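Single-letter residue listing:
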Amino acid sequence: MQPTGLRHGHSLHDTKTNNRVIVMKIKAMLVDDEINIVRNLEKVIPWEAMNIELIGTAANGAKALDLAREGKPDLILSDIRMPVMDGIELLRQLRGSGYEGEMIMLTGFQEFDYARSAVKYGARDYILKPIDYEELQLVIERTAAGIREIKINELKKTAKWRELSELAYEKILLDLLMDYTSFPLHRLREEGDRSWLDQRYWMLLVDLDDYSQIARQDERERKLVHFAVRNVLQDALSSELAEYAVLLTREGEWCVLIPLPVTRPPAVAMAAATERLRAWSEQVQQAVERCVKLSISVGVYPSPLAAEELADAYRKVQRGLQLSLENRHILIHEQTAGTDARGSSFWGLADSLATGLTQGDSAKIELTLEELGRSIKEAGGHNSMRAEQMLHFLCLHLLREMRSVGLLGSSQEQTVWAKLEDSLNVKELVECVHLLIRECQQVSTGRRKSPELLMASAREYIQKHVARDLGVEELAQHLGISNSYFSLLFKQHHQETFLEYLTRERMELAKSLLLHSDKSVTQIGKLAGYAERRYFTKVFHKYEGMTPTEFRERAKPGVAELETEEEVADGV
């Protein structure tokens, strides 16, 4: 599975290319103990013209059974009366083993009633001997068309599922980067095909050098710039890498994650990683400059990262990149780690202010501002220009963070930008920081709801609509806040993500219904927000360590034999 944003090519298994429909080839097999009939079927029916591949022939049902299990034909033409195993028994055994292809029976007139009994085993059609080959060709064409329609629908479903899976992959990677999820990763690894969580990644962090200019454009222009840059990033390394993910982490900033093989790369490859990543960074810079006419800096984390390490590495690279205060720069994390303690302390203050603003924590904001004042005085004693640079960075950082969570309206933002442009010294820059904080607090107050009230309203909404397909977008719109601000608030208040909370609420509701109602597992699953019983059963099993029926059985022994059989069929 590969995420949205990964550079990779795929089509719907060549069912359509450049608006030209390609007929899907299917496989067929002939079964008859009369060699002349088999030869006639091979020669008279235009198999190749119908895009049907004959994969083999068999003289009796026993041989055909082995051949079908090996070759998995989509279509079988079989005589009924044969030695060793007849056609009816062949069909019965094939269906018993899970064969889902089509079968056309060939039969003599005197066996007509016998042939009709094949219908109950799922025979598609039957043709009387002597064979009318024109009639048989029409039946084969009709049957082949039905097979192709089923296969194409399955491929479309697979493609849609792949698309949804890729979106989920990207969402989880972004949550890991931003540290929005506290869900144990070993639980994710247990859920089906999650092998990508065992991958390791190289990280490039791309930051627009001209962000302060881009940020002042209207929303439409900003979106166009971000769209253009992301497209360039997605193509920039396509000649070098089979796949990589490009994630927008905040305005003017993208994280490029390059998956490595599951096994740790050899020491020789590791030694060359830094130079390779530097070369890729230069390639990315040149592509953005050539195609979008913008300058970018790139932060590099050259050591392979596990999924659990992404958030910490992202913050480290972001910190180093922002504190470098240079344009068109390539910064290798390991070359600067621990070299600027004052800068790192300043970054901590920036993070503390951002957290205080998003949480509406006035006390934390005041304490951080006091510490900031002391830090500025100390820095000014050594290098006033450095203090000015750091304060300018702080304003830009807070503007980006507050925009991402919706704590600055356009008019408030323009006020801050105007002040920042006119701020030329430490005193004026400190005033700009205070202005930005006041504007954010006014926006927060204008919402007339504290974070506690917002979360209480969210919980109430979830309880009322738990059986629906709820998403972050719907809750955020209901509360009148941005998606990212909602996600941030939710985790801060509940110590878990929205999805984790919603799953827990659904599981508790399901447990209560299992214990205190006689509704079926399917009905309870729907009431708990799961349209498909199979998926509900698997989620419940992962949450509780047992199936819904086993949970009910412990409280009400002897009530759920049928449901137990259904869960076995689900593979639980």
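Residues numbered from 1 in each chain as written. Predicted model: local features only at pLDDT ≥ 70, side-chain atom pairs only at ≥ 80, totals over all residues. Heavy atoms only, no water.

### Side note on the side chain of T368
Our working rule: Helix and strand assignments come from DSSP, with helices taken as H or I runs of at least 4 residues and strands as E runs of at least 2, each series counted from the N terminus. Residues adjacent in sequence count toward polar contacts only when both atoms are side-chain atoms; beyond that, a polar contact is any pair of N or O atoms within 3.5 Å, and within protein one must be able to donate a hydrogen and the other to accept it. Residue contacts follow a heavy-atom distance rule, with two residues in contact if any of their heavy atoms lie within 4.5 Å.
With respect to the helices and strands, T368 occurs in helix α13 (residues 362-382). A polar contact is formed between the side chain of T368 and the backbone oxygen of K364, at a distance of 2.7 Å. Those residues within four positions of T368 in sequence are excluded, and the remaining contacts are L349, S352 and L353.

### Comments concerning the pattern of salt bridges
The line we're drawing: For this document, the term salt bridge refers to a Lys or Arg side-chain nitrogen within 4 Å of an Asp or Glu carboxyl oxygen. Three exposure classes are used, based on accessible area relative to the maximum for each residue type with a 1.4 Å probe and protein chains only: buried under 20%, partly exposed in between, and exposed over 50%.
Using the criterion set out here, one finds 17 salt bridges in the structure. Here R222 ties to E251 by a salt bridge, and the two come within 3.2 Å at their closest N and O atoms. In this pair, R222 is assigned in helix α8 (residues 219-236) and E251 in the loop between β9 (245-250) and β10 (253-259), connecting sequence segments 29 residues apart. Pair check on accessibility: R222 and E251 agree, each one buried. When salt bridges with common partners are traced through the structure, they connect D32, E34, D79 and K129 into a single cluster.

### Some points on the environment of S520
With respect to the helices and strands, S520 occurs in the loop between α20 (498-516) and α21 (521-527). When the C-alpha atoms of S520 and P548 are compared, they prove to be 9.8 Å apart, with 28 residues separating the residues in sequence.

### Things to note about the pairing of strand β11 (residues 296-305)
Where a strand is regular, its side chains alternate between the two sheet faces. Going by this rule: For two strands to be treated as a pair, DSSP must find no fewer than two bridges joining them.
Along β11, nine of the 10 residues are buried, which leaves the element largely enclosed by surrounding structure. Sheet analysis places strand β8 (residues 201-208) next to β11, joined by seven bridges and oriented antiparallel. Looking across to β11, one finds that D207 is bridged to S297.

### A word on unusual backbone geometry
Here the bond from K129 into P130 is cis, since omega is -5°, no more than 30 degrees from zero. Tracing the chain through its elements places P130 in the loop between β7 (125-129) and α5 (133-178). One non-glycine residue, K293, adopts positive backbone phi at about 60°. Locating K293 in the fold gives a position in the loop between α9 (267-292) and β11. According to the relative accessible area criterion, K293 is exposed, its value standing at 64%. Within the chain, R328 stands out as a residue other than glycine whose phi angle is a positive 45°. One can find R328 in the loop between α10 (310-324) and β12 (330-332). Given the relative accessible area of 38%, R328 is considered partly exposed.

### Section: the confidence of the model for the chain
The line we're drawing: pLDDT measures how confident the predictor is about each residue, on a scale from 0 to 100.
With 78% of its residues at a pLDDT of at least 70, the chain reaches an overall mean of 78. Scored below 50 in pLDDT, residues 1-22 shows 49 contacts in the model against residues more than four places distant or in partner chains. A low-confidence stretch, residues 263-268 (pLDDT under 50), is modelled with four contacts involving residues beyond four sequence positions or located in other chains.

### A closer look at the sheet that holds β8
Inclusion rule: Only the stretch in contact is used when fitting a helix axis, every axis being a line fitted to C-alpha atoms; angles between N-to-C directions are given from 0 to 180 degrees.
Spatial ordering of the open sheet is given by β9-β10-β8-β11-β12, a layout of five strands whose pairing is mixed. Either end of the sheet is taken by a strand with one partner, and the two such strands are β9 and β12. Strand after strand, the sheet turns through a mean of 20° between neighbouring axes, direction not considered. The pairing of β8 with β10 spans seven bridges and is classified as antiparallel. Counterpart to D207 in the pairing with β10 is E253.

### Quick notes on the sheet that holds β7
Reading across the sheet, the five strands line up as β4-β3-β5-β6-β7 and stay open at both edges, with parallel pairing between neighbours. Each end of this open sheet is capped by a strand with a single partner; those strands are β4 (52-58) and β7. Averaged over all neighbouring strand pairs, the angle between strand axes comes to 20°, with direction disregarded. Sheet topology note: the strand β6 (residues 102-108)/β7 ladder contains five bridges and is parallel. Opposite I104, over in β7, you have D125 as the bridge partner.

### Quick look at the packing of helix α17 (residues 451-464) against helix α19 (residues 483-494)
Under the convention used in this document: Roughly parallel covers angles under 35 degrees, roughly antiparallel covers those over 145, roughly perpendicular covers 65 to 115, and oblique covers all other angles. Note that Gly is not counted as nonpolar here; it falls among the polar residues with everything else outside the nonpolar set of Ala, Val, Leu, Ile, Met, Phe, Trp, Tyr, Cys and Pro and the charged set of Asp, Glu, Lys and Arg.
At a closest axis distance of 10 Å, the pairing of α17 and α19 adopts a crossing angle of 95°. Comparing their axes, α19 and α17 come out roughly perpendicular. Here P451, E452, L454, M455, A458, R459 and I462 of α17 lie close against α19, whose contacting residues are Y485, F486, L489, F490, H493 and H494. Residue classes in the contact of α17 with α19 are distributed as nine nonpolar, two polar and two charged.

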